[in-house]
Amino acid sequence: KLSVVKGSVEGKDMRRSVLKNSAGLSAVMLGVMALGGFGAAAVLAAPAAVAQTKSTKEFVEAYNAAKTLVDARNYSAALPKIDAASAQAKSQQEKSAVAGMRVLSYSGLKKNPELIKAIEAHQAIGGLGAAQQKNYKEMLAGAYDATGQNAKAAQITKELVGEGGGTSVQIAYLARAALTAK
């Protein structure tokens, strides 16, 4: 069971998911929880700025159509619109905004192999903040776990723990992985 509590990190409020029973939570849930928190806001906050810059009319129309469907959580219908917006994206900012919607859509659809590719593609575009990079690492760990790539999931989770002390969920995941490896 999950409960959401407000926390404060460096003076900024952000939502953190806290697990009441960490032993039953897989790394996939860790990634989904991360995106459901501040990551989703970061992915969807960029679009308004994109539409106000030097974007073409074609991009703005395709982007807004995709964003409407993503906002409605109609991810399957959003993917073709995201493809159309991607074809019209010219700047790094436009490409990044579209890539973020693609990540959110694949996460919502629980299509983990595609999610892994989408995250890697968004990282390759560049320009991601530290919080979004960490969020994507958490999501990658979850997606790797869900696709049976447990060694990759454990390695990324170890990196996350090493970078920031780790959450109880991450530490529990590593402990469970160590036990099942024996």
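Provided above is the structure to which this section pertains.
The present account deals with the structure reproduced in this document. (Residues numbered from 1 in each chain as written. Predicted model: local features only at pLDDT ≥ 70, side-chain atom pairs only at ≥ 80, totals over all residues. Heavy atoms only, no water.)

**Some thoughts on the overall build of the protein**
Link 1 in the chain: The secondary structure content of the protein amounts to eight helices and two strands.
Link 2 in the chain: Taken from N to C terminus, the helices and strands of the protein fall in the order β-β-α-α-α-α-α-α-α-α.
Link 3 in the chain: Within the protein, the fraction of its 182 residues that count as buried is 38%.
Link 4 in the chain: Roughly 9700 Å² of accessible area belongs to the protein as shown, and the carbon and sulfur atoms make up 55% of that amount. (Helix = DSSP H or I, 4+ residues; strand = E, 2+ residues; numbered from the N terminus. Buried < 20%, exposed > 50% of the residue type's maximum accessible area, 1.4 Å probe, protein only. Areas by Shrake-Rupley, 256 points an atom, 1.4 Å probe, with all protein chains shown as cover.)

**Quick notes on unusual backbone geometry**
Link 1 in the chain: You will see that Arg73, though not glycine, has its phi angle at about 60°, which is positive.
Link 2 in the chain: As for its position among the elements, Arg73 is in the loop between helix H2 (57-71) and helix H3 (75-88).
Link 3 in the chain: Overall, the relative accessible area of 66% leaves Arg73 in the exposed class.
Link 4 in the chain: One non-glycine residue, Lys110, adopts positive backbone phi at about 60°.

**Remarks on the pattern of salt bridges**
Link 1 in the chain: Applying the stated criterion to the full structure yields five salt bridges.
Link 2 in the chain: Close ionic contact of Asp83 with Arg102 constitutes a salt bridge, the shortest N to O distance being 2.8 Å. Placement of the pair is Asp83 in helix H3 and Arg102 in helix H4 (residues 92-109), with a sequence separation of 19 residues.
Link 3 in the chain: Given the relative accessible area of 43%, Asp83 is considered partly exposed.
Link 4 in the chain: Owing to a relative accessible area of 18%, Arg102 belongs among the buried residues under this scheme.
Link 5 in the chain: One salt-bridge network, in which partners are shared between bridges, spans Lys137, Glu159 and Glu163. (Salt bridge = Lys/Arg side-chain N within 4 Å of Asp/Glu carboxyl O.)

**Focus: the packing of H4 against helix H5 (residues 112-125)**
Link 1 in the chain: One can describe the packing of H4 onto H5 by two numbers: an axis separation of 9 Å at closest approach and a directional angle of 160°. As summarised for this structure, H4 and H5 are arranged roughly antiparallel, according to the angle between their axes. Seen along the crossing, H4 lies across H5 with a hand that is left-handed. Residue-level inspection shows Gln92, Lys95, Ser96, Ala99, Gly100, Arg102, Val103, Tyr106 and Ser107 of H4 in contact with H5, the latter providing Glu114, Leu115, Ala118, Ile119, His122 and Ile125.
Link 2 in the chain: Its residues assigned to classes, the contact of H4 with H5 comprises seven nonpolar, five polar and three charged. (Axes fitted to C-alpha atoms, helices over the stretch in contact; angles between N-to-C directions. Parallel < 35°, antiparallel > 145°, perpendicular 65-115°, else oblique. Left-handed = near helix turned anticlockwise from the far one by under 90°. Contact = heavy atoms within 4.5 Å. Nonpolar A, V, L, I, M, F, W, Y, C, P; charged D, E, K, R; others polar.)

**Points about helix H6 (residues 130-146)**
Link 1 in the chain: For H6, with 17 residues, the first-to-last C-alpha span of 24 Å sits near the 24 Å given by 1.5 Å per residue.
Link 2 in the chain: For H6, the full list of buried residues reads Gln132, Asn135, Tyr136, Glu138, Met139, Leu140, Ala141, Gly142, Ala143, Tyr144 and Asp145.
Link 3 in the chain: Positioned one or two residues after H6, Gly148 has a phi angle of 80°, which is positive. (Expected span 1.5 Å × (residues − 1).)

**Notes on the side chain of Gln170**
Link 1 in the chain: With respect to the secondary-structure elements, Gln170 resides in helix H8 (residues 168-181).
Link 2 in the chain: Of note is the side chain of Gln170, whose polar atom sits 2.9 Å from the backbone nitrogen of Thr167. (Polar contact = N/O pair within 3.5 Å; in protein donor to acceptor, adjacent residues only side chain to side chain.)

**Focus on helix H7 (residues 150-164)**
Link 1 in the chain: Its 15 residues give H7 an end-to-end C-alpha distance of 21 Å, which sits within 8% of 21 Å, the value for a rise of 1.5 Å per residue.
Link 2 in the chain: When H7 is considered as a whole, its buried residues turn out to be Ala153, Ala154, Ile156, Thr157 and Leu160. End-on, the buried residues of H7 take up no more than an arc of 165°, which puts them together on one face. In H7, the exposed residues that point more than 90 degrees away from the buried face are Ala151, Lys158, Gly162 and Glu163.
Link 3 in the chain: On its buried face, H7 is in contact with H6 and H8. (Arc of directions from axis to C-beta.)

**Looking at the packing of H2 against H4**
Link 1 in the chain: At a closest axis distance of 11 Å, the pairing of H2 and H4 adopts a crossing angle of 25°. Looking at the two axes, H2 sits roughly parallel to H4. For H2 against H4, the interelement crossing comes out left-handed. Here Phe59, Tyr63, Ala66, Lys67 and Val70 of H2 lie close against H4, whose contacting residues are Glu94, Ala97, Val98, Met101, Leu104 and Ser105.

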